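Residues per chain are reported as follows:
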Amino acid sequence: MKWYVVYTKPKWEKRATEQLTQFGVNCYCPLIKKVQQRSDRKIKVEVPLFDHYIFVQLAEKDRNMVFHSPGVVRYLFWLGRHAIVKDKEIDTIKEWLKSGDTAKEISVMQYQIGDKIHLNSGPFCDHNAVVKDITKTHYVLILESLGYVLKVKHK
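Conventions adopted
- Residues numbered from 1 in each chain as written.
- Predicted model: local features only at pLDDT ≥ 70, side-chain atom pairs only at ≥ 80, totals over all residues.
- Heavy atoms only, no water.
- Pairing = 2+ DSSP bridges.
- Helix = DSSP H or I, 4+ residues; strand = E, 2+ residues; numbered from the N terminus.
- Axes fitted to C-alpha atoms, helices over the stretch in contact; angles between N-to-C directions.
- Phe/Tyr/Trp six-rings, centres within 6.5 Å; stacked < 30°, edge-to-face > 60°.
- Buried < 20%, exposed > 50% of the residue type's maximum accessible area, 1.4 Å probe, protein only.
- Lys NZ or Arg CZ within 6 Å of the ring centre and 35° of its normal.
- Salt bridge = Lys/Arg side-chain N within 4 Å of Asp/Glu carboxyl O.

## Things to note about the sheet that holds strand β11 (residues 128-134)
Reading across from one edge, β10-β11-β12-β13 is the order of the four strands in this open sheet, with antiparallel pairing throughout. With one partner strand each, in any of the chains shown, β10 (116-118) and β13 (148-153) form the two edges of the open sheet. Averaged over all pairs of adjacent strands, the angle between their axes in this sheet comes to 40 degrees, without regard to strand direction. Examined bridge by bridge, strand β12 (residues 138-143) and β13 share six bridges and lie antiparallel to one another. Bridge assignment links His 138 to a residue of β13, and that residue is Lys 153.

Here it is, written out as structure tokens:
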């Protein structure tokens, strides 16, 4: 069975995971501990690592079961197909969270047009670039120091 990515309503990640588990769906919502400031005190809370996203593992024929939870909005798609996450990637997330190496502030971001990035691999390693355009399959980067425009495939 494959792991699919499901998009949820805001703040529904944990509830949708609980509901789908009750329906017999294997779900995973990675959680991290975070300190939040209340009006009178600080408290530790568990929050989802990925806002709006949970992982579900089920057979392709059972994909519609996720919509039994009112918190589920839709599946995540990548290049026109359901986004699939490999078992190894799920295991890596679980191991990383178990290791306790999550004390640092965590944020998951995507590149936006205008972002300045540092290339750390490939023929232009150690060069800086600016994101000029983002398509479904590629990033278009400008290497100002060399006067080049690169077209790089998404991973």
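## Observations regarding the packing of aromatic side chains
The final tally for this structure, using the stated rule, is five aromatic pairs. Relative to Phe 55, the ring of Phe 50 lies with its centre 5.9 Å away and its plane at 90 degrees, an arrangement referred to as edge-to-face. Between Phe 67 and Tyr 75, the aromatic rings sit 5.9 Å apart at their centres with planes inclined by 85 degrees, giving edge-to-face as the arrangement. Judged by relative accessible area, which is 4%, Tyr 75 ranks as buried. Following the ring pairs from residue to residue traces out a cluster consisting of Tyr 4, Phe 67 and Tyr 75. Note that Arg 15 overlies the ring of Trp 12, its terminal NZ or CZ placed 4.3 Å from the centroid. Over the face of the ring belonging to Tyr 28 we find Lys 94, whose NZ or CZ atom lies 4.9 Å from the ring centre.

## Concerning the pattern of salt bridges
Evaluated as defined, the whole model comprises three salt bridges. Linking Arg 63 and Glu 60 is a salt bridge whose minimum nitrogen-to-oxygen distance equals 3.5 Å. We note a salt bridge from Lys 61 to Asp 62, for which the minimum N-O separation is 3.6 Å. Residue classification places Lys 61 among the exposed residues on the basis of a relative accessible area of 74%.

## A few points about unusual backbone geometry
Despite not being glycine, His 52 has its phi angle at roughly 75 degrees, a positive value. In this model, Leu 79 sits at a positive phi of 55 degrees, which is unusual for a non-glycine residue. With respect to the helices and strands, the residue Leu 79 is situated in the loop between β7 (77-78) and β8 (81-82).

These figures come from the coordinates and say nothing about function on their own.
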